[in-house]
Every structure is written in C-alpha cells, then in structure tokens.
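As a plain string of letters, each chain reads:
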Amino acid sequence: MDDRELIRRIQGGQKQYLNEIAEKYYDDIYYFCSYQTGSREDAYDLAQETFLRFIRYVDHYKYRNLKGYLLTIAMNLCRNYTHDTGKAPVLTDSYGAEQGDRGEEEAAGFPGREYEDQENSLLLEAALHKLPDIQREAVLLHYFYGYKNREISRMTGASYSAVKSRVRQGLEKLQQLLNREDFYG
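Read on for a plain summary of the structure. (Residues numbered from 1 in each chain as written. Predicted model: local features only at pLDDT ≥ 70, side-chain atom pairs only at ≥ 80, totals over all residues. Heavy atoms only, no water.)

### What to know about the packing of helix 3 (residues 40-57) against helix 4 (residues 66-85)
Between helix 3 and helix 4, the least distance of the axes is 9 Å, while the angle of their chain directions is 125°. In terms of orientation, helix 3 lies oblique with respect to helix 4. Where helix 3 crosses over helix 4, the handedness of that crossing is right-handed. On the side of helix 3, the interface is formed by Asp-42, Leu-46, Glu-49, Thr-50, Phe-51, Arg-53 and Phe-54, while helix 4 contributes Leu-66, Tyr-69, Leu-70, Ile-73, Ala-74, Leu-77, Cys-78 and Tyr-81. (Axes fitted to C-alpha atoms, helices over the stretch in contact; angles between N-to-C directions. Helix = DSSP H or I, 4+ residues; strand = E, 2+ residues; numbered from the N terminus. Parallel < 35°, antiparallel > 145°, perpendicular 65-115°, else oblique. Left-handed = near helix turned anticlockwise from the far one by under 90°. Contact = heavy atoms within 4.5 Å.)

In structure tokens form, the structure reads like this:
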C-alpha cells in the first residue's frame, strides 16, 4: 500500500496503519537524528518524538512527500535539541557499527573489507560532525536521502540558492577534511 493510501486510511479512522508508516520510515529518521546529534540515545528519543508529533497532527497532514515531512519534523526537533541543550554533536559509532553489520556474504573473499567499510563510515561520520549544522543537514538530505535542492528548500524554509550553496560548501568542506592527513590520526 502506498503512502497516500495509508494516510487516507489513517485520516479515515484506521489508526492501525500508523504502525506501517513507523516501520517503513523509522530507520531513516533514526539515522538522520543520529547524524544530527551524534548520540544514539538522543537519536532514539528524537525519532520517537518525530512519530509522536506526526501522530498528533496526522489529521491535518496534506499529502505531499511523507518521508520529507517526517524528516522536516525530525530536523526541527534536532535543531531544538541542539539549541536547548547546547550540546554539540559528538562522534559515535551509531551509523558505522549498525551499517557495518552487512553479513558474511558481502565480505566473503575480501578479508578485512567489513572493517574497512566500517572505518570509512566512521571517518565520514566524524567529518560530517565537523560541518556547520545547516551544511550537514543539506548534505545529508541531498546525498544520503536523495532529495533535490528544491525539495530541501521547501523542507528547511531556506531559499533554493542558499540550499544549493550549503550542499556545495558542505561537500567541499567534507572533501577537505577527508583529504587532510591529520584528520585520520
């Protein structure tokens, strides 16, 4: 069943379909929050709050892009979290460790490949956490979630040119960080 039909049924009173939406999008929301906060525990809480807010306002939701809508809620919650707590993101193994568990089939015949992939994920995560929040947000939404700059502009409330600039500058800064020798040591 597609998202539009799920929403139609939920708004028609069949609240059991909320679980399908949560199952479908939970990992994306959790990883986004994890990248934004650098904390598994806080990411878990923020992902839960994202879905609670969605549930609270589902009757007012006008269908456009459900995943984008949920990411917008998560983005706002993450912004509030960093503002309210004053916490800066701290590198965790939240993404690398979980994404590194891809199974033996993929690593078969390539000794150490899974560790190299996990190390690369951790390095990328460390570099992402060094980006300013607005650049990290734009880079994540564009490259990790596949949103176009116009979609990100609608989600964030920033102009198209600002989003385009944030993505470009964020990518350039990531490349600079990952090319620095002292970054790895």
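### Considerations on the nonpolar core
Core analysis: the biggest nonpolar cluster contains 45 residues, and Ile-21, Phe-54 and Leu-141 have the highest contact counts within it. Secondary-structure elements contributing two or more residues to this core are helix 1 (3-11), helix 2 (18-37), helix 3, helix 4, helix 7 (113-129), helix 8 (133-144), helix 9 (149-156) and helix 10 (160-179). Ile-21 has contacts with Leu-6, Ile-7, Ile-10, Phe-51, Phe-54, Leu-66 and Leu-70, leaving out every residue within four places of it along the chain. (Core = buried A, V, L, I, M, F, W, Y, C linked by side-chain atoms within 4.5 Å. Buried < 20%, exposed > 50% of the residue type's maximum accessible area, 1.4 Å probe, protein only.)

### What to know about helix 1
Taken residue by residue, helix 1 has Asp-3, Leu-6, Ile-7 and Ile-10 as its buried positions. For helix 1, the angular spread of buried residues about the axis comes to 95°, placing them on one side. Where helix 1 is buried, its residues meet helix 2, helix 3 and helix 4. One or two positions beyond helix 1, positive phi appears at Gly-13, with a value near 105°. (Arc of directions from axis to C-beta.)

### A word on the pattern of salt bridges
According to the stated counting rule, one finds 10 salt bridges in the structure shown. Lys-15 is the salt-bridge partner of Asp-59, the closest N and O atoms lying 3.4 Å from each other. Of this pair, Asp-59 sits in the loop between helix 3 and helix 4 while Lys-15 sits in the loop between helix 1 and helix 2, placing them 44 residues apart in sequence. Judged by relative accessible area, Lys-15 falls into the partly exposed class, the value being 37%. Residue Glu-172 is joined to Arg-168 by a salt bridge in which the shortest nitrogen-to-oxygen separation is 3.5 Å. With Glu-172 and Arg-168 both in helix 10 and 4 residues apart, this pair spans about one turn of that helix. In this structure Glu-172 comes out as partly exposed when scored by relative accessible area, which is 37%. Three or more residues are tied together by salt bridges with common partners; here these are Glu-5, Arg-8 and Arg-9. (Salt bridge = Lys/Arg side-chain N within 4 Å of Asp/Glu carboxyl O.)

### Section: the side chain of Thr-156
Topologically, Thr-156 is positioned in helix 9. Of note is the side chain of Thr-156, whose polar atom sits 3.3 Å from the backbone nitrogen of Ala-158. When neighbours within four sequence positions are excluded, Thr-156 is seen to be in contact with Met-75, Arg-79, Glu-137, Leu-141 and Val-163. (Polar contact = N/O pair within 3.5 Å; in protein donor to acceptor, adjacent residues only side chain to side chain.)

### Quick word on the packing of aromatic side chains
Considering all chains together, one arrives at 8 aromatic pairs under this definition. Between Tyr-26 and Tyr-30 the ring centres are 6.1 Å apart and the planes differ by 15°, which places this aromatic pair in the stacked class. Taken together, the residues Tyr-26 and Tyr-30, both in helix 2 and 4 residues apart, mark about one turn of the helix. Classification of Tyr-30 as buried rests on a relative accessible area of 10%. Between Tyr-30 and Tyr-31 the ring centres are 5.5 Å apart and the planes differ by 65°, which places this aromatic pair in the edge-to-face class. Grouping residues by exposure puts Tyr-30 and Tyr-31 together as buried. Counting every residue linked through ring pairs, the aromatic cluster contains Tyr-26, Tyr-30, Tyr-31 and Phe-51. Cation over ring: Arg-150 sits above Tyr-160, and NZ or CZ is 4.1 Å from the ring centre. (Phe/Tyr/Trp six-rings, centres within 6.5 Å; stacked < 30°, edge-to-face > 60°. Lys NZ or Arg CZ within 6 Å of the ring centre and 35° of its normal.)

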